Amino acid sequence: MFLYKVNNLLKQQRVHQLVLMGMLLLTLSAKSQFPPAAELPGSTAIAADSPTFVAWASRCDFIAGWMDITREELGVVNYGLPEYATQSADNQVLSLGDGGVATCFFNVPISDGAGWDFAVFENSFDDAFLELAFVEVSSDGEFFVRFPSTSLTQAITQIETFGTLEATQLNNLAGKYRGGYGVPFDLNELSGIQGLDIAHVVAVRIVDVVGNILPEWASFDANDNRINDPWPTAFETGGFDLDAVGVIHNQDNTDVISLNESAAIRIFPNPVHDHFSFESEQIIESLVIFNASGKQVYSAFNVNSLEIVSQSWSEGIYIVKVLSDSHFYTFKIVK
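Residues numbered from 1 in each chain as written. Predicted model: local features only at pLDDT ≥ 70, side-chain atom pairs only at ≥ 80, totals over all residues. Heavy atoms only, no water.

### Overview of the overall build of the chain
Assigned secondary structure in the chain consists of 1 helix and 20 strands. Burial statistics for the chain: of 335 residues in total, 49% are counted as buried. In the chain, 72% of the contacts between residues at least 6 apart in sequence involve partners at least 24 apart. Working note: accessible area of the chain is about 16400 Å², and carbon and sulfur atoms make up 53% of it. (Helix = DSSP H or I, 4+ residues; strand = E, 2+ residues; numbered from the N terminus. Buried < 20%, exposed > 50% of the residue type's maximum accessible area, 1.4 Å probe, protein only. Contact = heavy atoms within 4.5 Å. Areas by Shrake-Rupley, 256 points an atom, 1.4 Å probe, with all protein chains shown as cover.)

Printed below as a string of structure tokens:
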């Protein structure tokens, strides 16, 4: 009887250990389910000089946030100008402060296309010191819809002023990538929401995440998790630092192009799979293909037809630049 009880107890302990191990593995898996830092395998970061961008914000309205939301006597941040958030990413930034808001407008409305539609740039100096912001869009400049964000960072201990975050624990939050790399957003995630036309987005609003984890000050993700990021940042450059908003698809450049009639160039099929074909009625001086991050993945010279093997390419948008008869032509393909 004694041995039976001992064996039974050992079995129960073993089951308990297995359950704990399973929970730990699930937790670790959950903590690393989102894309990693820029240039790592699986990252969605898009380089500022990527040819995938067709336009940038043309105007920015700004409401400055507090240096320290718990000490309003310190005043609001005062670093940068709203125009620093327009045009291409160049490390000239507009600091938002705690809860600050920047609203960017565009000469041509952003529109939903294949894959990512726009990207937001911050200026972090490395992959770990990350200051975050919510991203919202509007079809009329008044009614805004927020992208559903996720933060899996622990919210028990406050991350201090120069503390660090892990990109794999963050999703749909601007600022998860270092300076020079944009966090991309796909308007299709917001399809079907009344009052928002994802084929006609005139404004992108960036709202600083207040990193304080105390309930009365905290910012919350779409699952009501408190978002923990470096806090306080009680200086003139505090909070999220907006560098730029780059447009990938707008109403002038939404659909994937597979035929350029003026150059009599065809790329097919599109979307592509393990391979695709290129044809032209005249000799092409050069053909260069870039991925969404701006990295060259293929090149060919002095051809008028060829088959390109793309089996090893990651899924996403690719830019094809063709030089023919001293003219440049640009195509987008999707895998």
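### Details of the pairing of strand β6 (residues 118–121)
Because side chains alternate across β6, one face comprises the buried residues Phe 118 and Val 120, and the other comprises Ala 119 and Phe 121, equally buried. Strand direction decides the pairing type here: β6 and strand β11 (residues 181–185), joined by 3 bridges, are antiparallel. By the bridge assignment for β11, Ala 119 is matched with Pro 184. The pairing of β6 with strand β14 (residues 244–247) spans 4 bridges and is antiparallel. Pairing of Phe 121 across the sheet is with Ala 244, part of β14. (Pairing = 2+ DSSP bridges.)

### Describing the pattern of salt bridges
Counted by the stated rule, this structure contains 7 salt bridges. A salt bridge links Glu 73 to Arg 71; its shortest N-O distance comes to 3.7 Å. Classification of Arg 71 by relative accessible area gives partly exposed; the value is 40%. Of the charged contacts, one joins Glu 279 and Arg 266 as a salt bridge, the two residues approaching to 3.7 Å between their closest N and O atoms. Here Glu 279 is found in strand β17 (residues 275–291), whereas its partner Arg 266 is found in strand β16 (residues 265–268), with 13 residues between them in sequence. Residue class for Glu 279 comes out partly exposed when judged on its relative accessible area of 37%. Exposure remark for Arg 266: the relative accessible area of 38% places this residue in the partly exposed category. A network of salt bridges, in which partner residues are shared, links Glu 39, Asp 127 and Arg 178. (Salt bridge = Lys/Arg side-chain N within 4 Å of Asp/Glu carboxyl O.)

### Let's talk about the environment of Ile 317
With respect to the element layout, Ile 317 can be found in strand β19 (residues 317–324). Taking relative accessible area as the criterion, Ile 317 reaches 7% and is therefore assigned buried. Residues Ile 317 and Val 334, spaced 17 residues apart in sequence, show a C-alpha to C-alpha distance of 4.7 Å. Those residues in contact with Ile 317, other than ones at most four positions away along the chain, are Thr 52, Ala 114, Gly 115, Trp 116, Ile 248, His 249, Asn 291, Ala 292, Lys 332, Ile 333 and Val 334.

### A few points about unusual backbone geometry
In the segment running from Trp 231 into Pro 232, the intervening peptide bond is cis, with an omega of 0 degrees. Summarising the element assignment, Pro 232 is placed in the loop between β12 (201–208) and β13 (241–242). The amide bond that connects Asn 270 to the next residue, Pro 271, takes the cis arrangement and shows omega of 15 degrees. Within the secondary structure, Pro 271 sits in the loop between β16 and β17. One non-glycine residue, Glu 39, lies in the positive phi region at around 75 degrees. Turning to its location among the elements, Glu 39 is positioned in the loop between α1 (2–30) and β1 (46–47). Relative accessible area serves as the criterion here: at 61%, Glu 39 is assigned to the exposed category. If you check the backbone angles, Asn 91 has positive phi at about 70 degrees while not being a glycine. By the secondary structure assignment, Asn 91 is in the loop between β3 (59–63) and β4 (94–95).

### So, the sheet that holds strand β8 (residues 144–146)
With antiparallel pairing, 5 strands are arranged side by side in an open sheet as β3-β5-β12-β7-β8. Both outer strands of the open sheet, β3 and β8, are each paired with one neighbouring strand and no more. Taken over all neighbouring pairs, the strand axes of this sheet differ in orientation by 25 degrees on average, direction set aside. Sheet topology note: the β3/strand β5 (residues 101–110) ladder contains 5 bridges and is antiparallel. Along β5, the bridge assignment pairs Arg 59 with Phe 105. (Axes fitted to C-alpha atoms, helices over the stretch in contact; angles between N-to-C directions.)

### Digging into the nonpolar core
Proteins that are soluble and globular tend to have nonpolar side chains buried together. The biggest cluster of nonpolar side chains holds 35 residues, and the ones touching the most others in it are Phe 118, Val 120, Val 135, Val 137, Val 204, Ile 206 and Leu 242. Residue assignment for this core shows that the elements contributing at least two residues are β5, β6, β7 (133–138), β11, β12 and β14. No other element matches β5, which puts 4 residues into this core. Counting 19 residues, the second largest nonpolar core, distinct from the first, contains Ile 289, Val 320, Val 322 and Phe 331. (Core = buried A, V, L, I, M, F, W, Y, C linked by side-chain atoms within 4.5 Å.)

### So, the side chain of Ser 219
Relative to the helices and strands, Ser 219 resides in the loop between β12 and β13. A polar contact is formed between the side chain of Ser 219 and the backbone nitrogen of Val 210, at a distance of 2.9 Å. If near-sequence neighbours (up to four positions away) are discounted, Ser 219 is found in contact with Phe 134, Val 209, Val 210, Asn 212, Asn 225, Arg 226 and Ile 227. (Polar contact = N/O pair within 3.5 Å; in protein donor to acceptor, adjacent residues only side chain to side chain.)

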